[in-house]
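Chain by chain, the residues run as shown.
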Amino acid sequence: MSALKDQLHTDLTTSMKARDALRTSTLRMVLTAITTAEVSGKEAKELTDEDVLTVLEREAKKRREAAQAFADGNRPELAEKEKAEAAILAEYLPAQLSPEEIAIIVSAAVDSAGAAGEGMKAMGKVMGIVSPQVKGKADGGAVAAEVKRQLGA
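Predicted model, so just to flag it, every value in this text is computed and none were measured.

Just give me the short version of the side chain of lysine 5, but keep the residues and values in it.
Here lysine 5 is to be found in helix α1 (residues 3–17). Overall, lysine 5 belongs to the buried group, its relative accessible area being 9%. Of note is the side chain of lysine 5, whose polar atom sits 2.9 Å from the side chain of glutamate 38.

See the structure below:
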């Protein structure tokens, strides 16, 4: 079992003993998502820490999007619950890059790809260089927006 999954199980037990309902339900939800990912496909597999991080990122993104949808729908109490769940999941994710750090990484990728004057045609080339560097550390939408900005779109 991956170390991250073990940590999630340990934290679930701790939160249950502390009677922390929100943390308990959030950790149960993410452990269920991990189990679903393990048994999906033709045969069951053991997820690595990187695979578990991918599941955590996906679940955190769902919470952020749901919080935004609830806020737009004038349901602040549900938006707050989703934000709280996202905050709990963020504790298990790597530290996020700042917009300045993303800009530096994108700038270096534009230079290394020789994409400075190509405009949007070079978007895929630059994203191919940037994506592995920021995986799990930055929101894909923010990275894509910065690439577009630097390519002059």
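We are not done yet, so read on.
Outline the pattern of salt bridges, listing residues and values.
Two side chains with opposite charge may pair up if their charged atoms get near one another. Taken as a whole and assessed by the stated rule, the structure comprises 12 salt bridges. A salt bridge links arginine 149 to glutamate 146; its shortest N-O distance comes to 2.7 Å. Note that arginine 149 and glutamate 146 are positioned in helix α7 (residues 140–151) at a spacing of three residues, about one turn of the helix. What makes arginine 149 exposed here is its relative accessible area of 55%. Glutamate 146 sits in the buried class, given a relative accessible area of 12%. Through salt bridges with shared partners, a single ionic network connects Glu59, Lys62, Arg63, Lys81, Glu82 and Glu85.

Run through a negative patch on the surface, naming residues and quoting values.
Together, Asp6, Asp49, Glu50 and Asp51 make up a negatively charged patch on the protein surface. Relative to the helices and strands, glutamate 50 resides in helix α3 (residues 49–72). According to the relative accessible area criterion, glutamate 50 is exposed, its value standing at 55%.

I'd like to hear about the confidence of the model for the protein chain, residue by residue, with values.
For residues with low pLDDT, the predicted coordinates do not support detailed interpretation. Overall, the prediction assigns the protein chain a mean pLDDT of 87, with 96% of residues at 70 or greater. Confidence, expressed as mean pLDDT per element, reaches its minimum in the protein chain at α7 with 82 and its maximum at helix α2 (residues 21–39) with 94.

Describe the environment of valine 55, with residues and values.
Mapping valine 55 onto the fold places it in helix α3. Between the C-alpha atoms of valine 55 and lysine 81, which are 26 residues apart in sequence, the distance is 20 Å. Dropping the residues within four chain positions of it, valine 55 is found in contact with Ala33, Ile34, Ala37 and Leu47.

Describe the packing of α1 against α3, and please don't skip the residues or the numbers.
Two numbers describe how α1 lies on α3: the axes approach to 7 Å, and their chain directions differ by 55°. Judged on the interaxial angle alone, α3 and α1 are oblique. Two secondary-structure elements touch here, α1 through Ala3, Leu4, Lys5 and Leu8 and α3 through Asp49, Val52, Leu53 and Leu56.

I'd love a proper account of the domain arrangement of the protein chain, names of residues and values included.
Split into domains, the protein chain comes out as domain 1 (3–91) and domain 2 (99–152). Computed over C-alpha atoms, the centres of domain 1 and domain 2 are 29 Å apart.

The rules we used
- Residues numbered from 1 in each chain as written.
- Predicted model: local features only at pLDDT ≥ 70, side-chain atom pairs only at ≥ 80, totals over all residues.
- Heavy atoms only, no water.
- Helix = DSSP H or I, 4+ residues; strand = E, 2+ residues; numbered from the N terminus.
- Buried < 20%, exposed > 50% of the residue type's maximum accessible area, 1.4 Å probe, protein only.
- Polar contact = N/O pair within 3.5 Å; in protein donor to acceptor, adjacent residues only side chain to side chain.
- Salt bridge = Lys/Arg side-chain N within 4 Å of Asp/Glu carboxyl O.
- Patch = residues over 30% accessible without salt bridge, like charges linked within 9 Å, V, L, I, M, F, W, Y side chains within 5 Å.
- Areas by Shrake-Rupley, 256 points an atom, 1.4 Å probe, with all protein chains shown as cover.
- Lys, Arg positive; Asp, Glu negative; His and termini not counted.
- Charge placed at Lys NZ, Arg CZ, Asp CG, Glu CD.
- pLDDT = per-residue confidence, 0-100.
- Contact = heavy atoms within 4.5 Å.
- Axes fitted to C-alpha atoms, helices over the stretch in contact; angles between N-to-C directions.
- Parallel < 35°, antiparallel > 145°, perpendicular 65-115°, else oblique.
- Domains from an automatic or database assignment.

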